[in-house]
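# Structural overview for review
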Amino acid sequence: MRLERSKEWWLARARQEGDAAVGAGLLAANPAVEQHGLEAQPAPAEETRIAFGRFVNLMRRRRGYSVEQLAEAACLEASELLVIEEDRHYVPQLRTVFELARTFEVPQQRLLQLAGLAVANDDGLRKEAVRFAARSESMQRLTSEESSALEAFVAVLSEQGPKRAR
Amino acid sequence: MVDVSTIYLVDGATGSEVRAELRDSIEDAQLVDWQLKWRPAHDALIRELIQKGVSRQQWPQSSHWDWRRKAAQVQGLLAFRGFCVLADGETQGMAQVELTKSARAPVQAGKPIVYIEYLEAAPWNSPELGRAPRYRGVGTALLSAAIALSVEEGFKGRIGLHSLPQAEDFYRRRGMVDLGPDPDPGHQHLRYFEMTAEQARAFLTEE
């Protein structure tokens, strides 16, 4: 099917369109990051949320993954990973945390607490999370300080997890 | 056989004219662009919104599904009749149409229409964040194509579509009849719009 119209015809209509959004049909809606349970969840302590984003960021970079590559490896959406790393107010989905725990080989329950999806009723994790967040900077490359902060935190997650999670 | 029409868009930054192609098919190249360009551009937009501290309520409206499901549906577009707009070697917009639906507006109820199942402009042509689209006119070009197809099919230019909430004004301004939120839950309350034969004639008139 051809549609022959003058240049002026097209330009006049393009100018009329201006800055309008034009999407039609459900398929045109983009899945943004879901706000799954944002209201329903009790707000997790700010510091553990910072630590969760930082943790994901550092673990990803330690493996030399881009956000896309981590998304691929963990069967997750890159857009959600971006939000996790950069928005400390974001509460991730349950499945996301499970996939990250699996990918990074850390206990699910502890990561859930860190992400604010399970109540961390031990002060130890919160303290460690604060320490970790304070020691690590979100920079291009993993510095040796970040590396050791990360190592130490992974150790804390792994050692304390099974015992205290119950 | 893909028919190619020459169309013109407007450069969002300079206001100058841009020669583009309207093609009456969606092909592999579009799906590749969608995967490798549209999605990363959307992710970049989300990243920018976060960095600017834009509250989530003001983010682009979105649907319940995840990207995997959307990707699967986009892959499926190859099987349907569709259109795309190409400029700068890139897919600037896509639409998929269906020819088996009937009109709902009282003046033409029951008559065949071209139903626009899907119409989307590339993220860089979308006005989110208040920045100028790279190209203006992509949506209008796709809409024009659907109307022209309707004429060619003997449907006299009648078309129908479900508008995304942020696009309702665009379709109202094009003179389409707003038939309100669709009662069918499958459409997630999107408003249904229809263009009558008369409106289509006015739309396609060469001034």
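What you see is a predicted model, and the numbers here were worked out from it, not measured in a lab.

What counts and how
- Residues numbered from 1 in each chain as written.
- Chains lettered and ligands numbered in written order.
- Predicted model: local features only at pLDDT ≥ 70, side-chain atom pairs only at ≥ 80, totals over all residues.
- Heavy atoms only, no water.
- Helix = DSSP H or I, 4+ residues; strand = E, 2+ residues; numbered from the N terminus.
- Buried < 20%, exposed > 50% of the residue type's maximum accessible area, 1.4 Å probe, protein only.
- Contact = heavy atoms within 4.5 Å.
- Areas by Shrake-Rupley, 256 points an atom, 1.4 Å probe, with all protein chains shown as cover.
- Pairing = 2+ DSSP bridges.
- pLDDT = per-residue confidence, 0-100.
- Phe/Tyr/Trp six-rings, centres within 6.5 Å; stacked < 30°, edge-to-face > 60°.
- Lys NZ or Arg CZ within 6 Å of the ring centre and 35° of its normal.
- Expected span 1.5 Å × (residues − 1).
- Arc of directions from axis to C-beta.
- Buried area = accessible area lost by both parts, 1.4 Å probe.
- Salt bridge = Lys/Arg side-chain N within 4 Å of Asp/Glu carboxyl O.
- Polar contact = N/O pair within 3.5 Å; in protein donor to acceptor, adjacent residues only side chain to side chain.
- Lys, Arg positive; Asp, Glu negative; His and termini not counted.
- Axes fitted to C-alpha atoms, helices over the stretch in contact; angles between N-to-C directions.

Summing up its helical and strand segments, chain A has eight helices and zero strands in all. Ordered by position from N to C terminus, the α and β elements of chain A give α-α-α-α-α-α-α-α. Evaluated residue by residue, chain A yields a buried proportion of 52% over its 166 residues. Across chain A, contacts joining residues at least 24 apart in sequence account for 65% of those joining residues at least 6 apart. Total accessible area on chain A is roughly 7700 Å²; 47% of this is exposed by carbon and sulfur atoms.

With that out of the way, let us pick up the pairing of strand 1 (residues 4–11) of chain B. Residues and elements named next belong to chain B. For strand 1, the tally of buried residues reaches six of eight residues, placing the bulk of the element in the interior. With two bridges joining them, strand 1 and strand 6 (residues 135–136) adopt antiparallel strand pairing. Across the sheet, the residue bridging to aspartate 11 is tyrosine 135, located in strand 6.

A word on the confidence of the model for chain A. All names here are of chain A. When pLDDT is averaged along chain A, the result is 78; 81% of the residues meet or exceed 70. Here helix 8 (residues 144–164) stands out as the element of chain A with the lowest mean pLDDT, 72, in contrast to helix 1 (residues 7–17), whose mean of 95 is the highest. Note on residues 34–43: pLDDT is under 50 here. Beyond four places in sequence and across chains, it has 14 contacts. Taken as a whole, residues 161–166 scores under 50 in pLDDT and shows seven contacts with residues more than four places along the chain or in a different chain.

The next thing to look at is the packing of aromatic side chains. One pass over the full model with this rule turns up eight aromatic pairs over all chains. Look at B:Tyr171 and B:Phe193: their rings are 6.3 Å apart centre to centre, the planes differ by 45°, and that puts the pair in the tilted class. Note that B:Tyr171 is positioned in helix 4 (residues 168–173) and B:Phe193 in strand 9 (residues 191–195), a separation of 22 residues in sequence. Grouping residues by exposure puts B:Tyr171 and B:Phe193 together as buried. Following the ring pairs from residue to residue traces out a cluster consisting of A:Phe55, A:Phe104, A:Phe132 and A:Phe153. In this structure, B:Arg104 packs its charged tip against the face of B:Tyr192, placed 4.0 Å from the ring centre.

We now examine helix 7 (residues 123–135) of chain A. All names here are of chain A. Here helix 7 contains 13 residues, and its C-alpha end-to-end distance of 18 Å stays within 8% of the 18 Å for a straight helix at 1.5 Å per residue. Within helix 7, the full set of buried residues consists of Leu125, Ala129, Phe132 and Ala133. One side of helix 7 holds all its buried residues, which, seen down the axis, span an arc of 95°. Exposed side of helix 7, more than 90 degrees from the buried face: Lys127 and Ala134 are the residues found there.

Facing 44 residues of chain A, the contacting portion of chain B comprises 72 residues. Carbon and sulfur atoms make up 56% of the area that chain A and chain B hide from each other, which totals about 5400 Å². Among the residues of chain A in contact with chain B, A:Met1, A:Leu26 and A:Leu27 are the three that bury the most area, contributing 16% of the side total. Between chain A and chain B we count three salt bridges in total. Among the ionic pairs, A:Lys7 bridges to B:Glu17, the shortest N-O distance being 2.6 Å. Run the count over chain A and chain B and you get 22 residue pairs in polar contact (both at pLDDT 80 or more). Taken together, the elements giving at least two residues each to the side of chain A that touches chain B come down to helix 1 and helix 4 (78–86) of chain A.

With respect to the helices, strands and loops of the structure, A:Glu17 is situated in helix 1. No salt bridge is formed by the buried A:Glu17, whose closest oppositely charged neighbour, B:Arg174, lies at an N-O distance of 6.3 Å. A polar contact is formed between the side chain of A:Glu17 and the backbone nitrogen of B:Gly139, at a distance of 3.2 Å. Only 2.5 Å separates the side chain of A:Glu17 from the side chain of B:Thr140, close enough to count as a polar contact. Look past the residues within four positions of A:Glu17 in its chain and what remains in contact with it is A:Val22, B:Gly137, B:Val138, B:Gly139, B:Thr140, B:Phe170, B:Arg173 and B:Arg174.

Residues and elements named next belong to chain B. Read across the open sheet, the nine strands follow the order 6-1-2-3-4-5-7-9-8; overall the sheet is mixed. The strands lining the two open edges of the sheet, one partner per strand, are strand 6 and strand 8 (177–181). Relative to strand 9, strand 8 runs antiparallel, the two being bridged by three bridges. Its bridge partner being in strand 9, proline 181 is matched across the sheet by arginine 191. Sheet contacts for helix 3 (residues 138–152): strand 1, strand 2 (17–23), strand 3 (81–87), strand 4 (90–102), strand 5 (112–121), strand 6, strand 7 (159–163) and strand 9; angle to strand 5, the most-contacted strand, approximately 160°.

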